[in-house]
Amino acid sequence: MIEYAVKDSSSIADIRHLWEELNEHHISKGSFADVYREKKFEKRRDELIRKCGESMKIFTANEDSIPVAYCIASPGEIESLCVSKKYRGNGIGKKLMEFALEWMEGLGTKNIVVEVYGGNEGAIDFYSGFGFSTREIIMERRV
């Protein structure tokens, strides 16, 4: 049975295995695989803590007390979301997004953004279902 929890930045290490799964997913997408191969959990963790500090919330879906999905949010931004491949298609990501959006709206947040990398059309479709729309597209040429 899936149980949901809300944690703070001190629990970020609990989702390391999911972050690494997400990073592998990005590597498999192609165009920017070399960028993702260089990304390490410790660096991303430190970036998030520096950026969000105490305002970070980690919404998790857990099975037998082990996170199988997470959504990291800060006021005004969905920082990261991952549902382990085995658990996709069961509404877990939707539930985590609902928790995060409800939390932000409760803070009085007026604008919420999420960054999606090119080639991740599934994520674009997912976020569009929550009312997100494309504001800008940044293209990059690798040399």
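Scoring rules and cut-offs
Residues numbered from 1 in each chain as written. Predicted model: local features only at pLDDT ≥ 70, side-chain atom pairs only at ≥ 80, totals over all residues. Heavy atoms only, no water. Helix = DSSP H or I, 4+ residues; strand = E, 2+ residues; numbered from the N terminus. Expected span 1.5 Å × (residues − 1). Contact = heavy atoms within 4.5 Å. Core = buried A, V, L, I, M, F, W, Y, C linked by side-chain atoms within 4.5 Å. Buried < 20%, exposed > 50% of the residue type's maximum accessible area, 1.4 Å probe, protein only. 1 Å grid on protein atoms, 1.4 Å probe; cavity = no way out; pocket = protein on both sides within 12 Å on 5 of 7 lines; lining within 4 Å. Points joined across faces, edges and corners; volume = space filled by probe spheres on them. Nonpolar A, V, L, I, M, F, W, Y, C, P; charged D, E, K, R; others polar. Salt bridge = Lys/Arg side-chain N within 4 Å of Asp/Glu carboxyl O.

Trainee: Now, about helix α3 (residues 41-52): what can you tell me, with residues and values included?
Mentor: Across its 12 residues, α3 extends 16 Å between first and last C-alpha, which sits within 8% of the 16 Å expected from 1.5 Å per residue. If you follow the buried residues of α3, they end up packed against α1 (16-28), β3 (66-74) and β4 (77-83). At the C-terminal side of α3, G53 shows a positive phi close to 55°.

Trainee: Break down the nonpolar core for me, with residues and values.
Mentor: By size, the foremost hydrophobic cluster in this structure holds 19 residues, and its most contacted members are C71, I78, L96, M97, A100 and Y127. Of all the secondary structure elements, the ones that give two or more residues to this core are β2 (57-63), β3, β4, α4 (92-106) and α5 (121-128). The leading source of residues in this core is α4, at 6 residues. If sequence neighbours within four positions are ignored, M97 has contacts with C71, I78, L81, F126, Y127, F130 and F132. If you look at the next biggest cluster of nonpolar residues, it comprises 13 residues, including W19, L22, F41 and M56.

Trainee: Describe the layout of surface pockets, listing the residues and the values that go with them.
Mentor: The computed volume of the largest pocket comes to approximately 1,200 Å³. In terms of lining, the largest pocket is formed by 36 residues, of which the most central are V114, E115, V116, Y117 and E136. For the lining of the largest pocket, the secondary structure elements donating two or more residues are α2 (33-38), β5 (113-114) and α5. Looking at the lining of the largest pocket, its residues break down into 16 nonpolar, 11 polar and 9 charged. Of the volumes computed, that of the second largest pocket is approximately 990 Å³. Along the wall of the second largest pocket there are 38 residues; nearest its centre are L22, H26, S80, L81 and N120.

Trainee: Account for the pattern of salt bridges, with residues named and values stated.
Mentor: Proximity of charged atoms lets side chains of opposite charge pair with each other. Taken as a whole and assessed by the stated rule, the structure comprises 9 salt bridges. We note a salt bridge from K51 to E79, for which the minimum N-O separation is 3.0 Å. Of this pair, K51 sits in helix α3 while E79 sits in strand β4, and the two are 28 residues apart along the sequence. What makes E79 buried here is its relative accessible area of 11%. Residue K94 pairs with E98 through a salt bridge whose shortest N-O separation is 3.5 Å. Of the two residues, K94 and E98 both sit in helix α4, 4 residues apart, roughly one turn of that helix. A relative accessible area of 32% places E98 in the partly exposed class. Each of R16, E20 and E42 takes part in one network of salt bridges that share partners.

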